[in-house]
Amino acid sequence: MTDAAKKQHDRQVLLDHFRNPRGKDALTESDVISASRNPMCGDEVEVGVLVDDSGTADIRFRGRGCSVCIASASIMVETLSGKKLEQVLEEHRHICAWLHGESDAMPEQPSVRALETVRELPARKRCLLLAWEALAESLSKTNYG
Ligand code: FES
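What comes next concerns the included structure. (Residues numbered from 1 in each chain as written. Predicted model: local features only at pLDDT ≥ 70, side-chain atom pairs only at ≥ 80, totals over all residues. Heavy atoms only, no water.)

1. Digging into the packing of helix α1 (residues 3–19) against helix α2 (residues 67–80)
And then number 1: Direction vectors running N to C along α1 and α2 enclose 85°, while the axes themselves pass 8 Å from each other. Our classification of the angle between α1 and α2 gives roughly perpendicular. Contact residues: V13, L14, H17 and F18 in α1; S67, I70, A71, S74, I75 and E78 in α2.
And then number 2: The residue makeup of the contact of α1 with α2, split by class, is 6 nonpolar, 3 polar and 1 charged. (Axes fitted to C-alpha atoms, helices over the stretch in contact; angles between N-to-C directions. Helix = DSSP H or I, 4+ residues; strand = E, 2+ residues; numbered from the N terminus. Parallel < 35°, antiparallel > 145°, perpendicular 65-115°, else oblique. Contact = heavy atoms within 4.5 Å. Nonpolar A, V, L, I, M, F, W, Y, C, P; charged D, E, K, R; others polar.)

Right under this line is the structure:
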């Protein structure tokens, strides 16, 4: 895939997640809920985690944000919700290191790869990371994080 085609593909994936966000607005049953706020714009995202008896994590979110913020939150839910908590913790750590630019190891999850274009834009860093930070706090509150 050429660079231009990759960017076009990434834009389409992000647009789909922004228009049809996965796991949005249904936090009522979550065990723990944490919020993260972007002080530059006032946008805020809350992320809830419910861990069932088998150790599977149900992850949802709600809040207000720009298209990048909501698409990133939706991609996070699609990628991590429904997995065992240990796997969520491991993948979250790996993906966040990549999003922060601390690692260049491209995540294998297809929709996460669509964040690559935005990851290269310093001005959108907060938008990109908001939901992932709220999830980190929720995971730490489950006493497993
Ligand atoms: Fe507010 Fe992106 S502009 S989170």
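2. Some remarks on the environment of F61
And then number 1: Mapping F61 onto the fold places it in strand β3 (residues 57–64).
And then number 2: With 72 residues separating them in the primary sequence, F61 and E133 have C-alpha atoms 12 Å apart.

3. Here we look at the sheet that holds strand β1 (residues 32–37)
And then number 1: Spatial ordering of the open sheet is given by β1-β2-β3, a layout of 3 strands whose pairing is antiparallel. Pairing within the sheet leaves two strands with one partner each, and these edge strands are β1 and β3. Sheet twist, expressed as the mean angle between neighbouring strand axes with direction ignored, is 20°.
And then number 2: Of the strands in this sheet, β2 (44–51) and β3 are in contact with α2, which crosses β3 at around 170°.
And then number 3: Sheet strands in contact with helix α6 (residues 125–141) are β1, β2 and β3, and its direction is about 150° off that of β1. (Pairing = 2+ DSSP bridges.)

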